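Below, each chain spelled out in residue letters.
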Amino acid sequence: MKVAVFSDIQAVLPALEAVIEHIQAWRPDMVVMAGDLVNRGPDSGGCLALFDRMRREQGWLPVNGNHEIWVLSCHAGPPAHEGEREIRRFTDWAWRQVADQAERLRGWPDHLCLHPPQADAWLHVTHGSMAGNRDGITDKTTDESLIGKLPEGVALFVAGHTHRTHQRHTQGMDVVNVGSAGSPFDGDVRGSYGRFTWRGGSWHTELVRFDYDRDRAARDFEASGFLDEGGPLARLVYLEWQRAQLLIGGWRERWQAAVLRGELSLEASVSRYLRECG
């Protein structure tokens with residue numbers, strides 16, 4: 001049995017097209033998209049349409065990421081004040097891209113459990129951890145902190161969210177983070193995904209890095225309206241994609257509360273943050 005898992009496309013359509021090509025060449029029995037297909041990138045609508053086609057034609061399976069939930073929740077109500085409106089501008093922009101096909105995003109599960117034929121070695125896929133889809137696992141996560149955040153009775157736990165590949169063995173199971181297919185944060189601009197093979201009575205993991213057309217993706221960021229209409233945080237998202245480095249987390253810790261309190265504009269906070277971090 002062969003299972004492919006990818007995560008965190010983040011609306012980068014050339015990356016989705018490339019990972020589809022890679023996965024189809026491998027010819028797995030099952031494919032799971034582990035969340036964050038949309039938002040934080042230039043083509044949420046195109047990514048959703050293409051993935052939905054793979055669901056209908058090939059039986060590919062989705063799992064909710066925090067960005068699917070966030071995009072749908074932004075549609076549910078207006079921002080409370082100007083600071084929140086500015087912060088969520090690029091997500092509201094993503095919502096407008098997917099609004100006419102939003103039903104394709106609804107009803108996705110938070111978790112999937114699979115097992116090989118005639119074996120009880122469960123493979124559990126989610127976006128973050130059992131603590132939630134914003135609770136990710138990296139090489140800095142201690143084994144002790146994972147107590148209560150992993151499911152019981154599984155052989156292999158697979159997640160994404162952090163945009164960094166990682167694997168370890170703890171609590172009697174293999175734990176694998178497949179990284180990001182569209183916007184890695186580990187300094188390597190190539191996309192990543194996981195191949196999992198049931199062979200000889202156990203699961204075997206291969207983390208794959210792949211190239212995609214980043215020149216075309218850069219043009220998409222420029223031409224789509226994402227940078228013009230997504231607000232100041234869209235600039236940080238683009239730099240994250242260019243550098244394969246997380247930036248918004250640092251901005252959030254340093255400046256988000258002040259912006260929400262109205263002490264300074266989002267534009268000013270992003271400009272200061274970029275000067276601070278180079």
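Residues numbered from 1 in each chain as written. Predicted model: local features only at pLDDT ≥ 70, side-chain atom pairs only at ≥ 80, totals over all residues. Heavy atoms only, no water.

Colleague: Hey, could you run me through the sheet that holds strand β4 (residues 111-114) in this one?
Modeller: As a general point, the strands of a sheet are linked pairwise by backbone hydrogen bonds and lie either parallel or antiparallel. Reading across the sheet, the five strands line up as β4-β5-β6-β8-β7 and stay open at both edges, with mixed pairing between neighbours. Among the strands making up the open sheet, the edge pair consists of β4 and β7 (165-170). Taking the axes of each pair of neighbouring strands and ignoring which way they run, one obtains an average angle of 15° across the sheet. (Pairing = 2+ DSSP bridges. Helix = DSSP H or I, 4+ residues; strand = E, 2+ residues; numbered from the N terminus. Axes fitted to C-alpha atoms, helices over the stretch in contact; angles between N-to-C directions.)

Colleague: Looking at this structure, how should I read the pattern of salt bridges?
Modeller: Between side chains of opposite charge, a pair can form as their charged atoms come close. Applying the stated rule across the entire model yields 21 salt bridges. For Arg 106, the salt bridge goes to Glu 103, with nearest N and O atoms at 2.8 Å. The class for Arg 106 is partly exposed, based on a relative accessible area of 36%. Between Arg 195 and Glu 206 there is a salt bridge, with the nearest N and O atoms lying 3.7 Å from each other. With a gap of 11 residues between them, Arg 195 in strand β9 (residues 191-199) and Glu 206 in strand β10 (residues 202-210) connect regions that are remote in the sequence. Here Glu 206 falls in the partly exposed class, since its relative accessible area comes to 41%. One continuous salt-bridge network, built from bridges that share partners, spans Glu 82, Arg 85, Glu 86 and Arg 89. (Salt bridge = Lys/Arg side-chain N within 4 Å of Asp/Glu carboxyl O. Buried < 20%, exposed > 50% of the residue type's maximum accessible area, 1.4 Å probe, protein only.)

Colleague: It is not clear to me how the packing of helix α2 (residues 44-58) against helix α5 (residues 89-98) should be interpreted in this structure. Could you clarify?
Modeller: Helix-helix packing is characterised by the crossing angle of the two axes and by the distance between the axes. At their nearest, the axes of α2 and α5 sit 7 Å apart, and the two run at 45° to each other. With respect to α5, the axis of α2 lies oblique. For the element pair α2 and α5, the recorded crossing hand is right-handed. Here Ser 44, Gly 45 and Leu 48 of α2 lie close against α5, whose contacting residues are Ala 94, Gln 97 and Val 98. Residue composition of the contact of α2 with α5, by class: three nonpolar, three polar and no charged. (Parallel < 35°, antiparallel > 145°, perpendicular 65-115°, else oblique. Left-handed = near helix turned anticlockwise from the far one by under 90°. Contact = heavy atoms within 4.5 Å. Nonpolar A, V, L, I, M, F, W, Y, C, P; charged D, E, K, R; others polar.)

Colleague: I would appreciate a short explanation of the nonpolar core in the present structure.
Modeller: Nonpolar side chains in soluble globular proteins tend to end up buried together. With 61 residues, the main nonpolar core has Phe 6, Leu 16, Leu 37, Leu 236 and Trp 251 as its most contacted residues. Formed by 17 residues, the second largest nonpolar core is a distinct cluster that contains Val 3, Val 63, Ala 121 and Leu 156. (Core = buried A, V, L, I, M, F, W, Y, C linked by side-chain atoms within 4.5 Å.)

Colleague: Any chance you could explain the packing of aromatic side chains here in plain terms?
Modeller: Two aromatic rings are characterised by how far apart their centres lie and by the angle between their planes. Within this structure, the stated rule accounts for 11 aromatic pairs. Ring geometry for Phe 51 and Trp 108: centres 6.1 Å apart, planes at 70°, overall edge-to-face. On the criterion of sequence distance, the pair formed by Phe 51 in helix α2 and Trp 108 in the loop between α5 and β4 is long-range, its members being 57 residues apart. What links up through ring pairs into an aromatic cluster is the set Phe 90, Trp 93, Phe 221, Phe 226, Tyr 238 and Trp 241. Lying across the ring of Trp 241, Arg 214 places its NZ or CZ 3.9 Å from the centre. (Phe/Tyr/Trp six-rings, centres within 6.5 Å; stacked < 30°, edge-to-face > 60°. Lys NZ or Arg CZ within 6 Å of the ring centre and 35° of its normal.)

Colleague: Where do I start with the sheet that holds strand β2 (residues 30-33) in this structure?
Modeller: Reading across from one edge, β3-β2-β1-β9-β10 is the order of the five strands in this open sheet, with mixed pairing throughout. Either end of the sheet is taken by a strand with one partner, and the two such strands are β3 (61-62) and β10.

Colleague: Which parts of the structure should I look at to understand the side chain of Ser 269?
Modeller: As for its placement among the helices and strands, Ser 269 is situated in helix α10 (residues 266-277). At a separation of 2.9 Å, a polar atom in the side chain of Ser 269 contacts the side chain of Trp 251. In terms of polar contacts, Ser 269 uses its side chain to reach the backbone carbonyl oxygen of Leu 266, at 2.8 Å. Look past the residues within four positions of Ser 269 in its chain and what remains in contact with it is Trp 251, Trp 255, Val 259 and Leu 264. (Polar contact = N/O pair within 3.5 Å; in protein donor to acceptor, adjacent residues only side chain to side chain.)

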